[in-house]
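Structural characterization, general
Residue strings, one per chain:
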Amino acid sequence: MRIPFGRKIVTYLLLIAAAFLVFTPTMMAVVMSFMTNQDIMTGSLPSAFSLDNYRRAFEQFPLLHYVINSFLVSIAIMIGQLILASLAAYAFVFLEFKGRDFLFYLFIATMMVPFEASIIPNFHTIRDLGWIDQYTGLTIPFFAMAFGTFLLRQNFKQIPKELREASQIAGMGDVKFYLKVVLPVAKTSLITLGVYGFLTSWNMYLWPLLATTNDNVRTVQIGLRQLQSQEQMNDWGVIMAGAVIVIIPTLILLFLGQKKLQRGLTEGALK
Amino acid sequence: SNDAEGSSEATETEDGKQIVTFWHAMGGASQEALDKIVASYNESQDEVEVRAEFQGTYDEALTKFHSVAGTDSAPTMIQVFEIGTMSMVNSGHIEPIQKFIDEDGYDMGHLEENIVNYYKIDDQFYSMPFNSSTPVMFYNKDAFEEAGLDPENPPQTFEEVEAASKAIVESNPEMKGFALQAYGWLFEQLLANQGALLLNEDNGRSGVATEIGFTEEQGKSIFEWVERMNTDGTFANYGTNGDNMLAGFLAEDVSMFLQSSANSRDLIDNAPFEVGVAFLPHPENVEREGVVIGGASLWMSEGKEEAEQKAAWDFMKYLQSPEIQAQWHTDTGYFAINPAAYEEELAVEMHEENPQLKVTVEQLQATNPSYATQGAVMDMIPEERKIIETALESVFNGGDVDTTYQTAIEQLNAAIETANKARGE
Amino acid sequence: MTAVITQEDQALFVRTKRKQRYKQFIKGILFLLPSIALFSVFLFYPLLRTIYLSFFLTDASGATTVFVGWDNFVTLFQSTIFQQSIKSTFLFVLYTVPLTIVISLFLAIIANEKLKGIGFFRTIFSSTMGISVAAASVFWLYLFHPTIGFLNIIMDTFGLEKVGWLTDPSWALIAVAVTTIWMNIGFTFLILLGGLQSIDKYLYESADVDGAGYFYKLRRITIPMLSPTLFFVVTVTIINAFQTFGQVDILTQGGPQNATNLMVYSIYREAFTNYQFGSASAQAIILFIIILLMTIIQFKLGERKVHYQ
Amino acid sequence: MSYIELKDITKSYHAGNNILEQINLTIEKGEFFVLVGPSGSGKSTLLRMIAGLEDITDGVLKMNEKVVNHLQPKDRNLSMVFQNYALYPHLSVEQNILFGLKAKKVSKAEQQKRLKETAEMMGLSELLDRKPRQLSGGQRQRVALARSVVSEAPLCLMDEPLSNLDAKLRAQMRVEIRRLQKQLGLTLIYVTHDQVEAMTMGDRIMVLNDGEIQQVGKPITLYNEPANLFVASFIGSPKMNMGKTEIKDVSNFLVNKTLSFSADVRMQKAFQVHKNIIAGIRPEHIQPAIHQEATHSLEVIHVEQLGNETSLALDVGGELWTAKWPGQWDITAGNQLEVYISTEHLSFFDAQTEALIRPASFSGHGEVQAI
Amino acid sequence: MSYIELKDITKSYHAGNNILEQINLTIEKGEFFVLVGPSGSGKSTLLRMIAGLEDITDGVLKMNEKVVNHLQPKDRNLSMVFQNYALYPHLSVEQNILFGLKAKKVSKAEQQKRLKETAEMMGLSELLDRKPRQLSGGQRQRVALARSVVSEAPLCLMDEPLSNLDAKLRAQMRVEIRRLQKQLGLTLIYVTHDQVEAMTMGDRIMVLNDGEIQQVGKPITLYNEPANLFVASFIGSPKMNMGKTEIKDVSNFLVNKTLSFSADVRMQKAFQVHKNIIAGIRPEHIQPAIHQEATHSLEVIHVEQLGNETSLALDVGGELWTAKWPGQWDITAGNQLEVYISTEHLSFFDAQTEALIRPASFSGHGEVQAI
Ligand SMILES: Nc1ncnc2c1ncn2[C@@H]1O[C@H](COP(=O)(O)OP(=O)(O)OP(=O)(O)O)[C@@H](O)[C@H]1O
Ligand SMILES: Nc1ncnc2c1ncn2[C@@H]1O[C@H](COP(=O)(O)OP(=O)(O)OP(=O)(O)O)[C@@H](O)[C@H]1O
Ligand SMILES: [Mg+2]
Ligand SMILES: [Mg+2]
């Protein structure tokens, strides 16, 4: 159905205004990343644009190496979360068994444990498992995710029950139904969750810092933090340059992700 | 995950060099400088390879050390900020470097006296001083000139600061006179400068402190000072954020402020005006006592092989050498802990170029050695700072000095009590 | 009625029923096993440990030293700082949650149109989730700067009085809330957009034919059909708001005058700078219970209103 | 050999409100069993219970002599066409059709063979790559049907599988389904609203009303000897005309106070037993007075041309009766029409119990003819 | 007064593949317009385009003399019954029905009044509080219908609104819809697969095939004078029997190489113009040789009892022809059957163009009767 011209204009205006508001802080960071520190600190308008900050950001830590690590870690976490969360959500929606609700609330309850409160015991755990400086230590603790389970549960509940019935009649067991019907039909939310999982892992700082002691498996956020100093004046241009470099892959991912968010998979499923 | 293994377990490189893992919290420019020194050390000999590894902020690094202390994952040596000193001593997982000093017959006498004073506890060295700084007062010489003040004769006392502030604001209503970051460390320094103790039991150095050590007059003087400037409208409030304050100073929004001397180089380089550096002010009615050393020191892990510890000790000694200290001083703005460094060409050149930098050294050297300027040691210092910061903010925002002070004192004493109790002693 | 059902049949029913229930149970557990295992290790164990620690005083390495029973809790409840912290936290939740959701919903709705270049806008709107807390906080730190900050410059040009965004206790929490809302928008937007995308388009066609206007459709179709997603978003945003930490750490460090000393930040400070793991644990437990209660209420009240297919 | 056996099957969604009430039924192997009943009478529910998709509230369901009440749908080895299709939106037509075969690990070659046959039969060959949302209503229904047919499961449950197809295609499908069912020896339970489907396809028909069985039997039996008023009016379209019957004198009775007929001995006896009697006559039995002499004259209220037949609405004592005559008759509404109604064609029901007293007789009339 | 006008309306989902091809059509105000056509021929698409739910690829759509191509559905003031119902799953039956009225801010009292009337009419009064998923298929369809009816919009589009209802209810609904349409003067465009609905309800019927209009006209015209082979075989159930026709000699012709008829003058002329001719005869025109003398004798292949009529499959030169006789005939498959077929009842089509050459004639036969 065609969208009327008037509404199109209004929508575009709203979109542009909103985009401007939402993007201003980021834009400001981008501009700052090209400014000299003196301009930034004195609050004056940029007197010159230079790529100097980027050069220095690249020099300061093994950026590419960190980016690759971040990618590996984030992708591993994303996949792990998708698998575990979708399995759990499946059980909560499609399987009926005793204690299901209790377990679900227990899962939800885990969201309420502040991460900061559990970080030390968890650190001890991976230390005892010998996972420090290992990808395992960086990824596995995040595989189980109440949040994702909850998100997918909400989505799975929207799947028409006829689809499950048709599969049951076709002689399909739970595993196959999960793989062949539930996952494809819930593609939209899997992508959303995947993007979320990837980005939160990408942005993790405290845990990777604790779980690694050297550069081998470290991730970009730690690199970013290394650009800041504590007792001295910070070079904000370089810090912003680092932030911009780290944001670019995430923006690309978001762009690709939202493209996959296509309309209504359930549409037309049923009479 | 294959190549990730080893670093924490292996203690030797493939070509037989002794590995020393060195955890630090130096980010930004300091990290660059530190990495340079480490590289030069690794090149200077072929027995030892030092691996400097960034571990986040001081807090994060210390937390992490406490978590791995005593296990294989612990580093050979670690940089810890001055207020972590007591918690390191209490942790039981460190080897006091006094052991190596004695074994080696090493003489610590060539180090800066004030620095030595701080780190010597119960007459022994637990850790090796490394990056040190003290607070100074920065001021805008151009603004001083405009206001008809003498840029070469900065205010020395609280009262002079107030007067100067008024003059500044009068000449330029856009500019505030003075800014104080709500930062516990600065409060401690202002106390010490009055000769006041932060904690009883001689700042916790003669015994375990049981309550605060300053008098009401000493403590309140600082709050009242701020309050007076606040009423005058000459005080700029930047809250707890140091970066904001620096930016405010550079943007000529405020003409004077207190901050770590480690910022000197950056400020002088970035300011579009002439930057002056002055001694920390003190109340008129008391003598200047001096400042306490801040910064961090290097600690040796317990339970490491002797060879490894020896290697680390060798590196620590290397860091003391005048050339290295001169380089460190010029690259970062931290003190040279070894005064001989100031004779090095590099340092001399820089001081000639920026004579203001000498002020920081002079202030340190003008400090009277006493319990007050030795600084307090206790494991609740971080908490103390938070309490003070809240109190300062309260005053900044026009809170009543008496109640604010009373609340702060109560909280401080309670925190000391809890800390003592928590040690289970 | 049961006359035709023989004794054997009855027994068979019971047996098969039991067997099936057992099988279902096993299956359910198998599906949940990976999650349960990891949760046990990385969440439940720490939680138990936290509960345990909350009855002790600890040394710097987190080892227990003195058993104090409920003392940590008692001290907390008597502490004005802690009371202030709870108050701030609730205020913060109140500031952030409704606004985050309303703004994100608005963005999701305008970005749900099939227009040219909509992908660009969707990317922009979701972009804030790609920015780490640290980076985002630094951006805003600059915007909030008392003199060179963008916000105060704007205030200035409009002739308004400059605001001490981060230094004035009456503004600081709002400033942190604004930052948080901005950071949350991206993610909430994406989730809501996903929810909007999976609403069957037949419903809109049907409403169109019925002569329903834009806002009528929004109110009667979009919102109810989106309710599962909204429910999720509300729950999660509340929980997240209760657990805000990074922004506070960078922007205000709990100040001024503890106005932004949110509970998790307070926990963090207590544990990682003061090494009072006991007191930190006690706070964590209290926070846990608060969130738990809120969520139970939410589920009890909210899920009834949620429409599932 | 009874294949499916329902004993006292009861279903309720909310306690106390039974959707199905004590259903007792036996279906033989290879039987084509048709289920009819008004909208909401519980047909789909019954089908879904047999499939195992709905819990059985009470009673026993047996298949192959075994109690299967608690067997999972996937273990019942059956296929089903859902009333609302239940196609997988993310799969193409081909994948939708093959879904079950893949699940059952039928060999690739066999899959392709069956797919080809079925798609051809259903006229879906051109549409195999489409997604359900790109199909028309009838096409979707055919996919749903194909999915069931392709499985060749010994028991097929079909819930109005042809409702959205045009008459021509429907006629074709009827033949195909019947052929397949015979060929593979399938047992088929088939819900339909179409009289033609019900009459021509089923070996037996069951009429359900309000969750209760009204009658089970051969199609023609249901037509000729409906067990009660409900079945009489439900089977046959247009529905049977009904009228209150009163005795005028010993040998005569009046229907709807208008039509008088002479009563034979059996009728007279019946009037003694039953207080209130309702007479019914099928529309095709109100015949034009061409070959017979007119028995009654009725006013024409409304005429409908169906092409192959003409439907007349006639006034019978204030009620509208329908007559249906083959061919196209040029009759004008408002006129009086001479018709021939034989007493033989009247069925009689007890007005209280609604049960059949005497069915219409079909013997001795020209239309039943053996050549 | 033309109410809806379609000019060269074309629709394609993918370029180059037209679903609808240059549709030209005018519908009058207050007309009951029926749309029929095989599954997938584009009926729903056409309806959706009129409703404004589907973009018009090419052509002009006018309503009330105004071009409305770009008008929003909500501004077209119409109601629609979707083929797939499109009920709001989160709203109760009552809310579903009132949705449109509330949107249009109809007064509360009026809403309740209309709701009550409509619900009663549709037999939904008991179900008002249910959610759609708690309804049976037919009940859902009735809700969809009620939603459209309650709106009283001047234009109603209905896409197979009765397909899931039983015959009895359907007959009732037919009457109700027709009554309402007349009463409110609605313009109704109605898609159906049901021959009876098409013939009895529509003022005009349009036959669509493969996106192209085959014929538009009065129901009886379509039946009696189908414009082409397609319409002939599509309208009427069972479908018209078709056979190749050859001239045997000047005054005789053979159909399907089996049935011989005598050719009149007009026929003879036709044979000179058209090379290949196909003759068609409707099943009801292969009559029993009772009142007339038998003209042909055919083998019975299959007999189906529909109750009110009997359907016979007859062998005509190797092809199966269908005959349909009213009443129940006791005929055994395999026997020879004497039938009467009149030349008058034959329609002729050009095999190449498929166009009608000569329709069957219905004059001078007993069945068309004026009283
Ligand atoms: N989204 C789509 N993309 C491609 N083709 C489509 C799409 N929707 C419908 N079609 C095709 O358009 C044709 C016409 O569809 P339409 O729904 O109008 O048929 P219909 O006449 O209503 O059939 P039915 O009686 O089966 O409902 C069909 O062949 C169908 O496959
Ligand atoms: N989930 C449910 N909750 C309550 N009642 C229900 C539910 N599902 C169905 N019903 C009711 O059960 C009765 C039987 O429904 P069923 O679907 O079996 O009817 P049906 O005979 O298939 O009708 P149709 O011919 O209209 O499809 C209906 O009155 C319906 O309203
Ligand atoms: Mg049904
Ligand atoms: Mg259609």
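Per chain, residue numbering runs from 1 following the sequence as it is written. Lettering of chains starts at A and numbering of ligands starts at 1, both following the order in which they are written. In keeping with the predicted nature of the model, local features appear solely for residues at pLDDT of at least 70, side-chain atom pairs appear and are counted solely at 80 or more, and the whole-chain, interface and lining totals rest on all residues. The basis for every side-chain value is the complete set of heavy atoms in the structure, and neither hydrogens nor water enter the calculation.

By the naming in an unreviewed UniProt entry, chain D is Trehalose import ATP-binding protein SugC, taken from Oceanobacillus oncorhynchi.

**Here's the deal with the overall build of chain D**
Secondary structure assignment for chain D yields nine helices and 21 strands. Based on the C-alpha atoms only, the size of chain D along its principal axes is roughly 75 × 45 × 45 Å. Expressed as a percentage of the 371 residues in chain D, the buried residues total 61%. Across chain D, the fraction of contacts at a sequence separation of at least 24, relative to all contacts at a separation of at least 6, is 62%. Counting only carbon and sulfur atoms, one obtains 47% of the accessible surface of chain D, whose full area is about 14200 Å². Charge counting follows a simple rule: Lys and Arg are positive, Asp and Glu are negative, and His as well as the terminal groups are ignored. All charge positions are set by atom: Lys at NZ, Arg at CZ, Asp at CG, Glu at CD. Within chain D, one finds 40 positive and 43 negative side-chain charges whose respective centroids are separated by 9 Å. Per the convention used, a helix needs a DSSP run of H or I reaching at least four residues, while a strand needs a run of E reaching at least two, with both numbered from the N terminus. Working definition: with a 1.4 Å probe on protein chains only, accessible area under 20% of the residue-type maximum means buried, over 50% means exposed, and in between means partly exposed. Contacts are residue-level and defined by heavy atoms, with any inter-residue pair within 4.5 Å sufficient. Shrake-Rupley sampling with a 1.4 Å probe provides the accessible areas, and residues are treated as covered by the protein chains on show and by no other component.

**A closer look at the arrangement of the chains**
Contacts are most numerous between chains A and C, considering all eight pairs of chains that are in contact. Structurally, chain B and chain D remain out of contact, their C-alpha atoms never closer than 38 Å. In this assembly chain B lies apart from chain E, the nearest approach of their C-alpha atoms being 51 Å.

**Description of the coordination of the magnesium ion (ligand 4)**
Residues and elements named next belong to chain E. With distances of 1.9 to 2.1 Å, the protein atoms coordinating the magnesium ion (ligand 4) are Ser44 (OG) and Gln83 (OE1). Of this pair, serine 44 sits in helix α1 (residues 43–51) while glutamine 83 sits in the loop between β6 (78–81) and α2 (93–103), placing them 39 residues apart in sequence. Among the residues examined, serine 44 registers a relative accessible area of 18% and is labelled buried. Water is absent from the atoms considered, so a metal site may look incomplete; donors are defined as N, O and S atoms within 2.8 Å of the metal, or 3.2 Å for Na, K and Ca.

**Comments concerning the pattern of salt bridges**
Side chains bearing opposite charge may pair, as long as their charged atoms lie close to each other. Take a side-chain nitrogen of Lys or Arg and a carboxyl oxygen of Asp or Glu: if they are within 4 Å of each other, that pair is a salt bridge. Per the stated rule, a full pass over the model turns up 48 salt bridges over all chains. When the shortest N-O distance is used, the salt bridge between arginine 56 of chain A and aspartate 235 of chain A registers 2.7 Å. Residue arginine 56 of chain A is found in helix α3 (residues 52–60), and its partner aspartate 235 of chain A is found in the loop between α13 (220–226) and α14 (236–260); the two are separated by 179 residues along the sequence. Assessed through its relative accessible area of 28%, arginine 56 of chain A is described here as partly exposed. In this structure aspartate 235 of chain A comes out as buried when scored by relative accessible area, which is 17%. Put simply, lysine 220 of chain B and glutamate 216 of chain B hold a salt bridge, and the shortest N to O gap is 2.8 Å.

**Let's talk about the site of ligand 1**
Nearness is judged by heavy atoms alone; a residue qualifies as near a molecule or strand once a single heavy atom is within 4 Å of it. Around ligand 1, a shell composed of 20 residues is seen, among which Arg130, Ser136 and Gly138 of chain D together with Ser44 and Thr45 of chain E lie nearest. Residues near ligand 1 are shared among chains D and E, making this a multi-chain site. Polar contact criterion, stated in full: a pair of N or O atoms within 3.5 Å, where within protein one must be able to donate a hydrogen and the other to accept it, and residues adjacent in sequence count only if both atoms are side-chain atoms. Between serine 136 of chain D and ligand 1, the recorded distance is 2.6 Å, taken from a side-chain N or O atom to an oxygen atom. With respect to ligand 1, the side chain of serine 44 of chain E contributes an N or O atom lying 2.5 Å from an oxygen atom. Calculation on ligand 1 without its partners gives an accessible area of 630 Å², and the protein chains cover 90% of this total.

**Section: the side chain of asparagine 263 of chain B**
Tracing the sequence through the fold places asparagine 263 of chain B in the loop between β11 (254–260) and α12 (264–270). Residue classification places asparagine 263 of chain B among the buried positions, given a relative accessible area of 2%. Discounting chain neighbours no more than four positions away, the residues touching asparagine 263 of chain B are Glu231, Gln232 and Met233 of chain A together with Phe138 and Leu246 of chain B.

**Side note on the pairing of strand β4 (residues 58–63) of chain D**
All names here are of chain D. Of all six residues that make up β4, six are buried, and the element is covered over most of its length. Here β4 pairs with strand β5 (residues 66–67) via two bridges, running antiparallel. Looking at β5, one finds that methionine 63 is bridged to lysine 66. Paired strands, as defined in this entry, are two strands with at least two bridges between them according to DSSP. The hairpin turn running from β4 into β5, its antiparallel successor, is two residues long, and asparagine 64 in that turn takes a positive phi close to 50°.

**Considerations on the interface of chain D and chain C**
Each partner contributes residues to the interface: chain D has 13 residues there, and chain C has 11 residues. Interface area, chain D with chain C, both sides summed: about 1100 Å², of which 56% is carbon and sulfur. Defined here as a combined quantity, buried area equals the accessible surface (1.4 Å probe) lost by two parts on assembly, summed across both. Among the residues of chain D in contact with chain C, Asp58, Val67 and His70 of chain D are the three that bury the most area, contributing 46% of the side total. One can count zero salt bridges joining chain D with chain C. Across the chain D-chain C interface, the total number found is one residue pair in polar contact (both at pLDDT 80 or more). Of all the elements in the fold, those that place two or more residues in the side of chain D that touches chain C are β1 (2–14) and β4 of chain D.

**So, the interface of chain C and chain A**
Between chain C and chain A, the contact holds 92 residues from the first and 96 residues from the second. Across the interface of chain C and chain A, roughly 8600 Å² is buried in total on both sides, 74% from carbon and sulfur atoms. The largest per-residue losses of area from chain C upon contact with chain A belong to Phe31, Phe42 and Tyr142 of chain C, which jointly make up 9% of the total buried on that side. For the pair chain C and chain A, the number of links is two salt bridges. Seen at the junction of chain C and chain A, the total is 11 residue pairs in polar contact (both at pLDDT 80 or more). Each residue is assigned to one of three groups, with Ala, Val, Leu, Ile, Met, Phe, Trp, Tyr, Cys and Pro labelled nonpolar, Asp, Glu, Lys and Arg labelled charged, and all others, Gly among them, labelled polar. Class assignment for the residues of the side of chain C that touches chain A results in 62 nonpolar, 20 polar and 10 charged.

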